[in-house]
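Report on the structure
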Amino acid sequence: METTIKEDKEMEIKQGNKRRMTGSEAVMQSLLHEGVNLIFGYPGGAIMPIYDALYDYQDRLHHVLVRHEQGALHAAQGYARVTGGVGVCFVTSGPGATNAITGIADAQIDSTPLVIISGQVASSLLGTDAFQETDVVGISQPITKWNYQVKRAEEIPEAIAKAFYIARSGRPGPVLIDITKDAQFAEFDFEYKPVTHVRSYVPVTATKLDKINEAASLINLAKKPLALVGQGVVLAGAEKELLNFLEKTGIPAAWTLLGLSALPSAHELNVGMLGMHGNYGPNLKTNDADLIIAIGMRFDDRVTGNVQKYAINAKVIHLEIDPAEINKIIFADVPVLGNVKESLPMLTSKVVANSHSAWLQEFRACDKIEDQKIIAKELYPSKEGMTMGEVVRRVSSVFSDDAIMVTDVGQHQMMASRYFKFKQSRSVVTSGGLGTMGFGLPAALGAQLGRPDRPVCLFVGDGGFQMTIQELGTIWQSKAPVKIILLNNNFLGMVRQWQELFFDKRYASTELINPNFQMITKGFGIDCEKVEKREDLDAAVKRMADFDGPYLLEVVVEKEGNVFPMVPNGAAVSEVRLE
């Protein structure tokens, strides 16, 4: 009888009939209307009514109980990045909300669509310093696309509808809805109307044809054009449009850290990764190019190096959805505003078919130098200690270069980005702009739950691993078969590298005395293995790949290995160092 009543209530709502319900149940109904089926969160006093309502919706809204609110945000990020959907989080007031701030900031700078619903003390207590009261709206305002505090139950459907529209439209990002406890308890007549327009909010600027024509003229005249591919291509689902453009023009393309996997690693026009630890060719040749075509990227400082010495011989075309990014860092001779899924085909139709084989060969010559001086030593080292690069490459190969790569932040992040290979898009989850240590473990959980059909390989260092190590419990409880590759060098490796190169090897507070990771992992019920010798690596990677369930493979790597190439801070990209 209970099931029939529920079905009748659902039918009333689907038919547009109003039904009286609490604010908490309205949250559930609103999420269902937005197609949500997975929530990451942690309960507490101020959000308890919402969790009580969730109890009756467990068959349709699956909740993942994380071990820390930061883990909920990063898990939701991982889910959003691999699915293209919106990640959803529940947190309580006070410390629950403040624990989420790092993840919100990370999502904002990396353009990840999230909707965070936080509980808040009763409206009568606002501003009284009540127990677990914090002004999360004020705190989060600089790091959200939009946030709003709900004090009346009637506001809930519209606030949530608006939140999802803003989070996923235009340049995506996080939105926070803070709901007071009395609004969660109060009853009202529920009616849901999806939001498709918000006054004064223009998520996508229409692309101007004259700018397309100007850009096409520059491309048709260029002798040494270089395309820079950012995450905007992935967010727009414009991978095919990108390939059509590149293959018609014959233009070499380099990807940013978040643009990884936007085109296949093996594509003949792919010349590698840009940035501080990117490939030698695209960094060096940026200053030889006569035209830079930036596609869905924001000219981050790790890509440009010294902006006064960046692209010194080039005109710049910038295809971008966010007007705020135009001329913010690098002047664009031709700004092309709009969604690249629409602007790229317009541009492709205007350019002439071309080939830049001689220019492309200059990149391949750089590849040979990098292979000889760096890659051969990383992948086939003669020294006793294992390198991060060789471990990454073995793991990628075992999964046929077709797994989802998740990383934490540090040396292993750069090594994984350099040596993991990709065949399909949305195969990379990493913290780019904020560089959040502790991101990897919960993000891998979210990625695996979002794409259970694909293997997920997490590369994490011993420093970042310990920042969110408690999420091993969430992985085990969720039975998510994440493969965790812990690259252990007993150092905060990236900081140590900078200390070695720029601070006279004064290793201040970077050497770690680590716990027994195997005992900890087993304590969480997860199978694991430790490898210390190169001759044991291949078999261990194979055992990990074949294991049905979550697995941690700890690999002891050389203690003072460095990541090269490297563009030193303040240097030009053409001053990239190979050693």
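Residues numbered from 1 in each chain as written. Predicted model: local features only at pLDDT ≥ 70, side-chain atom pairs only at ≥ 80, totals over all residues. Heavy atoms only, no water.

Focus on the confidence of the model for the protein chain
Confidence along the protein chain averages 96 in pLDDT terms, with 97% of residues attaining 70 or more. Within the model, the stretch residues 1-5 combines pLDDT values under 50 with 0 contacts to residues more than four positions away or in other chains. (pLDDT = per-residue confidence, 0-100. Contact = heavy atoms within 4.5 Å.)

What to know about the nonpolar core
Counting 97 residues, the largest nonpolar core has Val395 and Phe459 as the members making the most contacts within it. Per-domain counts for this core show at least three residues from each of domain 2 (209-357) and domain 3 (384-556). Formed by 47 residues, the second largest nonpolar core is a distinct cluster that contains Val64, Tyr79, Ala107 and Val406. (Core = buried A, V, L, I, M, F, W, Y, C linked by side-chain atoms within 4.5 Å. Buried < 20%, exposed > 50% of the residue type's maximum accessible area, 1.4 Å probe, protein only. Domains from an automatic or database assignment.)

Topic: the sheet that holds strand S5 (residues 114-120)
The strand order across the open sheet formed by 6 strands is S3-S2-S4-S5-S7-S6, and the pairing between neighbours is parallel. Since the sheet does not close on itself, it has two edges, and those belong to strand S3 (62-65) and strand S6 (146-150), each with one partner. Averaged over neighbouring strand pairs, the angle between their axes works out to 20 degrees when direction is ignored. Pairing analysis gives 5 bridges linking strand S4 (residues 87-91) to S5, with the strands arranged parallel. (Pairing = 2+ DSSP bridges. Helix = DSSP H or I, 4+ residues; strand = E, 2+ residues; numbered from the N terminus. Axes fitted to C-alpha atoms, helices over the stretch in contact; angles between N-to-C directions.)

Some words on the packing of helix H10 (residues 209-221) against helix H15 (residues 340-350)
At a closest axis distance of 9 Å, the pairing of H10 and H15 adopts a crossing angle of 50 degrees. The angle between the axes of H10 and H15 places the two elements in the oblique class. For the pair H10 and H15, the crossing hand works out as right-handed. Within the contact between the two elements, H10 uses Leu209, Ile212, Asn213, Ala215, Ala216, Ile219 and Asn220 and H15 uses Ser343, Met346, Leu347 and Lys350. Of the residues belonging to the contact of H10 with H15, the class tally is 7 nonpolar, 3 polar and 1 charged. (Parallel < 35°, antiparallel > 145°, perpendicular 65-115°, else oblique. Left-handed = near helix turned anticlockwise from the far one by under 90°. Nonpolar A, V, L, I, M, F, W, Y, C, P; charged D, E, K, R; others polar.)

A word on helix H24 (residues 537-546)
Because each turn of an α-helix spans 3.6 residues, side chains separated by three or four positions in sequence point in the same direction. Turning to H24, its buried residues are Leu537, Ala540, Val541 and Met544. An end-on view of H24 places all buried positions within 100 degrees of arc, on one side of the element. Those residues of H24 that are buried are in contact with helix H17 (388-398), strand S18 (483-488), strand S19 (527-531) and strand S20 (551-556). (Arc of directions from axis to C-beta.)

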